[in-house]
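# Fold and geometry: a report
Each chain, written out:
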Amino acid sequence: MTRCYISGLKMKSFALLFLASTTVAAQFIPGSPVIIHPAVESKAVTEGTVRGPGPGLGRTPPAAQPVRASAGSVAPGDARTPPPPPPVPIAPEVSPEAAAIEQTTPGSDPALEVLESFDGLGAGFNARAFPGDGGGPAGTGRGGIDISLAVGLDHIFEILNGNLAVFTKKGRKYPVTGKLLYGPVPNNTVFSGFGDRCSKSNNADSVVRYDQLAKRWLLVVPVFRPPYAMCYAVSATPDPLGQYYRYEFSRPLFPDYPRPAVWPDGYYVPTSTSDDPLPEVVTQKHDCIAERAKMLKGLPATEQCVVIDGAVFMLNSDVLGKRPPAAGAPNIMMSTGGTQLLKRFEDDGVYFYKVHVDWQDPAHTSISPPQKIPVAPYHYLCDGQLSNCVPQPGTDRRLDSQGDKLMQGLMYRNFGDHEALVVDHSVATAAHGGGVRWYEFRLTGKGDSERNPVLYQQGTYAPAQIAGPSYRWLGSIALDRKGNIGIGYGFGGVPKFAGPSFPGPGFPGQRFAARRNGDPKGKLTFGESMLAEGHASQPSLRWEDYTNIAVDPSDDCAFWFVGNYLKEGATSSTTRIGAFKVPGCR
């Protein structure tokens, strides 16, 4: 994620393009109404062969890229001294209502086994496999903060900042998991021979998704330099190493932090356009929808975008499983409350919108005003993003929490007798540490006007530490086919001494926990499992902007999770990819 500041004149001029807008009562920014502008069709840019790259991704050499420093690091030979850490945010006192839903002890059921586990991209990753390289080492890998993971029937696809790689998944085609098939190569390699922006821009914040409804792969790569654009690649077959249908759509606003979601009538991509409220213009968010049905066939397609003034960063609902929502059902979009930029770090609601796209007439595409779902009060962990907060052993360098937003992703599943949505975010805890606040919502009613999400259960996972406050943050949550919930998250802190939940000094790493469908509400009933134990402290503020969890489409049961950790002596992080499953799901 990149912080972006756009001139007030430019943003104001853009806002004048929207003459008929929906104004909603002040919701997130006091005195500034939420304004939902009409949908506008993006300009499609087709320069080059739509189907490519060449004979397929797996047979395409990497795109040439300039050497870039990893996020938060100093480039080789650069003598600049990193700036001193900013002040540590004061840990707030949380309300009794918030403390009441904290789970302060791990689940009593045995911790789940790590079924598969291997190192993905990051520091120390130096094996490459692509045409013409001979399969030998090609330099040292680098850590990164923008992590994306997708899992298909036979493959695991990972993106880290500007690079992608494809690995084997044990099953019907491969005997082992984690063998490198292709990569790492720059993300824009998939756009080789397509256009001037998509083929030459290789930005972080790129995302990969597996579209289980179509058995296809979706890559989304933003273009951050003007003229802005969003690049889409949809695999022509279930093979991630084959050819893709490529699309480029111009964007008038900076397309930061894209979070693609799969929905039957489109690929929904919310983005942030500015991190700074400007004179007479509130912070703007973008929600764009790409024409999925045509993109799956490689046909000319369109993208529609809606600008929302005065909103908090949003997530669109993302389908899990093979059972789609009812035909024509609106996509549910959600956000937290509060406004970090105005130092409003607390709220007691999660807010939802209903998004309906009309591919025949953009004038009929609509986003409803935000509606509040009351939840237990919360305070953004670390007062939100880019704060020097989560402690590490042996250093004054603390880590970012991204506590101002719902984390990846808003996952939807249709169980036949009910529809559910799950999502999480990072919150402050009563012990002055950090916890993962998670929710399950259920959709009620049948018609669009009655089909609203209501809170079914909520909890804050924050087992207490006799060794001192701990931090669980940057979670990622999903539902398996049985309705069991799995959550992966970062873990760290600086304990006064080692204990059962702090087996080591508290270097940042990755853990996970889970619950069965039907267990007591608001509780993760299985004990905490370790995916990656950290062995060193991160030298920069930006730890990871998000983790990722995916449900294996082979059985619709196994959870695959990825996050960062540092190896002993390392100064840059490595990703760890692992799988776990709730007993009884098969």
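Reading the values: the criteria
- Residues numbered from 1 in each chain as written.
- Predicted model: local features only at pLDDT ≥ 70, side-chain atom pairs only at ≥ 80, totals over all residues.
- Heavy atoms only, no water.
- Helix = DSSP H or I, 4+ residues; strand = E, 2+ residues; numbered from the N terminus.
- Buried < 20%, exposed > 50% of the residue type's maximum accessible area, 1.4 Å probe, protein only.
- Areas by Shrake-Rupley, 256 points an atom, 1.4 Å probe, with all protein chains shown as cover.
- Core = buried A, V, L, I, M, F, W, Y, C linked by side-chain atoms within 4.5 Å.
- Contact = heavy atoms within 4.5 Å.
- Disulfide = S-S within 2.5 Å.
- pLDDT = per-residue confidence, 0-100.
- Pairing = 2+ DSSP bridges.
- Axes fitted to C-alpha atoms, helices over the stretch in contact; angles between N-to-C directions.
- Polar contact = N/O pair within 3.5 Å; in protein donor to acceptor, adjacent residues only side chain to side chain.

Further remarks concern the overall build of the chain. The helix and strand tally for the chain stands at three helices and 35 strands. Looking at the chain residue by residue over its 586 residues, the buried ones come to 62%. Surface accessibility of the chain: about 21200 Å² in total, with carbon and sulfur atoms responsible for 55%.

Attention shifts here to the nonpolar core. Ile 308, Met 334, Tyr 353, Ile 367, Leu 421, Phe 441 and Trp 473 are the most contacted members of the largest nonpolar core, which has 55 residues in total. Looking at this core element by element, the count peaks at five residues for strand β22 (residues 346-356). Those residues in contact with Ile 308, other than ones at most four positions away along the chain, are Val 34, Ile 35, Ile 36, Thr 283, Gln 284, Lys 285, Met 314, Met 333, Tyr 353 and Ile 367. If you look at the next biggest cluster of nonpolar residues, it comprises 27 residues, including Ala 420, Ile 477, Ile 487 and Leu 531.

Attention now moves to the state of the cysteines. Throughout the structure, instances matching the rule amount to four disulfides. With its sulfur 2.1 Å from that of its partner, Cys 198 forms a disulfide with Cys 231. Judged by the sign of its S-S torsion, about -95°, the cystine formed by Cys 198 and Cys 231 is left-handed. Of this pair, Cys 198 sits in the loop between β11 (180-186) and β12 (207-211) while Cys 231 sits in strand β14 (residues 229-235), placing them 33 residues apart in sequence. Across this residue pair, the class does not change: Cys 198 and Cys 231 are buried. One disulfide in the model links Cys 382 with Cys 389; its S-S distance is 2.0 Å. Disulfide Cys 382 to Cys 389: torsion about the S-S bond roughly -70°, handedness left-handed. Judged by its relative accessible area of 6%, Cys 389 is buried.

The next thing to look at is the environment of Leu 386. Structurally, Leu 386 can be placed in the loop between β24 (371-379) and β25 (410-414). Taking relative accessible area as the criterion, Leu 386 reaches 22% and is therefore assigned partly exposed. Counting along the chain gives 17 residues from Leu 386 to Gly 403, while the straight-line C-alpha distance between them is 9.0 Å.

Once that is clear, we can look at the environment of Val 312. With respect to the helices and strands, Val 312 occurs in the loop between β19 (303-309) and β20 (315-320). Between the C-alpha atoms of Val 312 and Gly 338, which are 26 residues apart in sequence, the distance is 7.7 Å. For Val 312, the contacting residues outside a window of four places in its chain are Phe 28, Lys 285, Ser 335, Thr 336, Gly 337, Gly 338 and Asp 404.

Across the chain, pLDDT averages 88, with 86% of residues at or above 70. Contacts of residues 2-19 to residues separated by more than four positions or lying in other chains number 42 contacts, the stretch itself having pLDDT below 50. Residue range residues 66-80 is modelled with pLDDT below 50. Its contacts to residues more than four positions away, or to other chains, number 15 contacts.

As summarised here, the arrangement of the four strands in space is β7-β35-β34-β33, forming an open sheet in which the pairing is antiparallel. This sheet does not close on itself; its edge strands, each paired only once, are β7 (116-122) and β33 (548-551). On average, each strand axis in the sheet is tilted by 20° relative to the strand beside it, whichever way the strands run. Here seven bridges tie strand β34 (residues 559-565) to strand β35 (residues 574-580), and the two strands are oriented antiparallel to one another. For Phe 559, the partnering residue across the bridge sits in β35 and is Phe 580.

Our next topic: the pairing of strand β30 (residues 485-493). For β30, the buried fraction is high: nine of the nine residues fall into the buried class. Because side chains alternate across β30, one face comprises the buried residues Ile 485, Ile 487, Tyr 489, Phe 491 and Gly 493, and the other comprises Gly 486, Gly 488, Gly 490 and Gly 492, equally buried. Bridge analysis of strand β29 (residues 470-479) against β30 gives eight bridges, and the strand direction is antiparallel. Across the sheet, the residue bridging to Trp 473 is Gly 490, located in β30.

This part covers the side chain of Ser 387. In this structure, Ser 387 sits in the loop between β24 and β25. Judged by relative accessible area, Ser 387 falls into the buried class, the value being 10%. In terms of polar contacts, Ser 387 uses its side chain to reach the backbone carbonyl oxygen of Cys 382, at 2.6 Å. With near-sequence residues (within four places) excluded, Ser 387 lies in contact with Pro 89, Cys 382, Leu 399, Asp 400, Ser 401 and Leu 541.

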